[in-house]
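# Working through the structure, step by step
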Amino acid sequence: MTPYGQEGFFYWIWSPGKPTVDRDRCTCDCFDTVFRGAYEWPPSAYKHFYFNCTSNTLKIWSIVVVGLLAMYECLRYVGPLLWNRRLRSSMFALFLSSVYPHYYGWWGLINYLNEDYYPQWRHQLFFSLTELLSTVMVVHLCSTASRVTPWKLLVVFNVNLVHIVIGALDQFIENVIRRGGQHFEAARDLGLMAPDVFHVLVAYFELAALAERENTRIVRLFHREELAASVLIVTLFSILGKNL
């Protein structure tokens, strides 16, 4: 239902007034008809759905399958935790907030391959992979049986801090703060930035709670080398992600 709702939203909000396709005259000339075998050539009529047999189609199919499997595994893990009341609410809230960024990245990778548009491919892949790293840790911490430790929270904190820095420099400041973007661009950027900020805040407050229980400061939860490595990683990954 999500893609159906997404396309319905795009049609009515983002791009209203597009002309209706003439199904009687459309011939789908770009369709290579390979998957139709000997049944069809040349393309005969309008198709609701078709695909060409190319290497990019294989890549797109792989991304679709990986995305669906990842969603299934997350739900298979989180569902029983919710049912058995062993769910850590703060991490579950982070998990829910990450759905849109993951879906946006998944859909973006598919579209870049579909359109042979590669300038943004590596940039989006960087975001999707690092988002996945953060979500793996969040899903792990969704279980009350999983011990919350400083380094786990630091992973979530660092990944999303990198996203905030890159996202702000990429488009957020221009489109949202300076109001230079169209309405849909501002809504998209807010939808991507808000979960990152939420992750950073929750990770920080969880670290503060750990520090309070141990009667110390947050920085004392880590060795100096860990803090130095954290700053270095955030800096290097921010530079890397911005320049991909």
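Use the structure listed above.
Reference entry: report on the structure contained in this document. (Residues numbered from 1 in each chain as written. Predicted model: local features only at pLDDT ≥ 70, side-chain atom pairs only at ≥ 80, totals over all residues. Heavy atoms only, no water.)

### As for the packing of aromatic side chains
Counted according to the given criterion, the structure contains nine aromatic pairs. Seen from their ring centres, Tyr103 and Trp107 are 6.3 Å apart, and the 15 degrees between their planes marks the pair as stacked. Note that Tyr103 and Trp107 are positioned in helix α4 (residues 99–114) at a spacing of four residues, about one turn of the helix. For Tyr103, a relative accessible area of 17% corresponds to the buried category. On the numbers, 5.5 Å between centres and 70 degrees between planes, the contact of Tyr204 with Phe205 is edge-to-face. Classification of Tyr204 by relative accessible area gives partly exposed; the value is 43%. Pairwise contacts between aromatic rings join Tyr103, Trp106 and Trp107 into one cluster. (Phe/Tyr/Trp six-rings, centres within 6.5 Å; stacked < 30°, edge-to-face > 60°. Helix = DSSP H or I, 4+ residues; strand = E, 2+ residues; numbered from the N terminus. Buried < 20%, exposed > 50% of the residue type's maximum accessible area, 1.4 Å probe, protein only.)

### Concerning a nonpolar patch on the surface
A contiguous nonpolar surface patch, about 340 Å² in accessible area, is contributed by Val165, Leu169, Ile173 and Ile177. Of note, Val165 is situated in helix α6 (residues 150–177). Note on Val165: relative accessible area 31%, which makes it partly exposed. (Patch = residues over 30% accessible without salt bridge, like charges linked within 9 Å, V, L, I, M, F, W, Y side chains within 5 Å. Areas by Shrake-Rupley, 256 points an atom, 1.4 Å probe, with all protein chains shown as cover. Salt bridge = Lys/Arg side-chain N within 4 Å of Asp/Glu carboxyl O.)

### Some words on helix α3 (residues 89–97)
The periodicity of an α-helix, 3.6 residues per turn, causes residues three or four places apart in sequence to face the same way. Ser90, Met91, Leu94, Phe95 and Ser97 are the residues of α3 that are buried. Projection of α3 onto a plane perpendicular to its axis shows the buried side chains occupying an angular sector of 165 degrees, all on one side. Looking at the buried residues of α3, the elements they touch are α2 (55–83), α4, α5 (121–141), α6 and α7 (183–213). (Arc of directions from axis to C-beta. Contact = heavy atoms within 4.5 Å.)

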